[in-house]
Amino acid sequence: MNIVFMGSPEYAVKILDSLNKNFNILSVYTQPDKPVGRKKVLTPTPVKEYALKNNLKVYTPTSLKNDDVIKTLKPDFIVVAAYGLLLPKEILDIAPCINLHASLLPKYRGASPIQSAILNGDRYTGVTSMLMDEGLDTGDILVWDYVEVGNKTSIDLFDELGNIAANQIIYTLKNFDKIKPLKQNDIEATYSPKIKKQDGLISFDNALTIDRKYRAFQPWPGIFCDKFKINKMELIDIDAKNNIGEILEICKDGVIIGCKQGRIKLIKIQVPGKKEIDAISYINGKRLKVGDNILD
């Protein structure tokens, strides 16, 4: 079986590795190298790194319009996982295009399904093998598997769902002719937008909301207030009524802060332009004590 693969992040690497061990990879499509860090060093995607390491042909177009390469390859399937570009009709018509989308479709079509599941407090999320069409994650469902969200971070779920998708795609391809596609119910569809840096901004109104943002926005953009970034924290309570930002308790490993509803423990924080420090070191440096406000 001959496959063209399209993907970019670490989640997609696991799927590509599984395909590479079971089928013939004709070529790999991924996003172009992007500048990373303060020095803006051009960095390849994890998928490109894997492909080069395993001697696979790699293409990094900025658009798939007028792409003649795939047609000449004559793949049996085109497999897509978090690629970052919509496939035009001329690509969709070459071979069955299967997308491994990290949600239980039709819920969370779009760019950030894993983060959306955490932000909304969903009990379950999963991976859907979908037969692609010209819409955004609107194609017929082939296979899906689910997991509990629990208290997992987006890093945890990307890793877990990547493993699930790596197995799911092998089953989907080997049983493709036996699977009866299921149309999505558009009425139940929800959309998950692309994450922006400003989404990580928090207020101290609701501890549960802060915790969900903290788990959803790892590793990027993280969560932050006007004073500092919160690199490590714990949810302590979701019901108690407090003064916003009040230091309620100083523990061995952190500082418990009041929210309008609930409490959180700050463990590691980072002031803009400075290195990460313990929350206790931060309040000691500011000469703050129990009863003071950490946001002053």
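Residues numbered from 1 in each chain as written. Predicted model: local features only at pLDDT ≥ 70, side-chain atom pairs only at ≥ 80, totals over all residues. Heavy atoms only, no water.

1. Quick word on the side chain of K48
In this structure, K48 sits in helix 2 (residues 46-53). A relative accessible area of 17% means that K48 is categorised as buried. Residues within four places of K48 in sequence aside, it is in contact with T30, D33, V58 and T60. (Helix = DSSP H or I, 4+ residues; strand = E, 2+ residues; numbered from the N terminus. Buried < 20%, exposed > 50% of the residue type's maximum accessible area, 1.4 Å probe, protein only. Contact = heavy atoms within 4.5 Å.)

2. A short note on the packing of aromatic side chains
Evaluation of the coordinates by the stated rule reveals six aromatic pairs. With centroids separated by 6.4 Å and ring planes inclined at 70°, the aromatic side chains of Y11 and F158 adopt a geometry described as edge-to-face. One end of the pair, Y11, is in helix 1 (residues 10-22); the other, F158, is in helix 6 (residues 154-174), and 147 residues separate them in sequence. Residue class for Y11 comes out buried when judged on its relative accessible area of 4%. Judged by its relative accessible area of 31%, F158 falls in the partly exposed class. Seen from their ring centres, Y29 and Y59 are 5.2 Å apart, and the 25° between their planes marks the pair as stacked. On the criterion of sequence distance, the pair formed by Y29 in strand 2 (residues 24-29) and Y59 in strand 5 (residues 58-59) is long-range, its members being 30 residues apart. (Phe/Tyr/Trp six-rings, centres within 6.5 Å; stacked < 30°, edge-to-face > 60°.)

3. Quick word on the environment of P61
By the element assignment, P61 lies in the loop between strand 5 and helix 3 (69-73). Sequence-wise, P61 and G110 are 49 residues apart; in three dimensions their C-alpha atoms are separated by 21 Å. Non-local contacts of P61, meaning those with residues more than four positions away in its chain, are made with Y29, T30, P32, Y83 and L85.

4. A short note on the UniProt feature "domain: Formyl transferase C-terminal" (unreviewed entry) in the protein
Taking the UniProt record as the reference, the feature "domain: Formyl transferase C-terminal" (unreviewed entry) is found at residues 194-287. The straight-line gap between the two end C-alpha atoms of residues 194-287 is 40 Å; of that span, 18% is helix and 37% is strand. (UniProt positions renumbered as here; feature names shortened; annotations may be inferred.)

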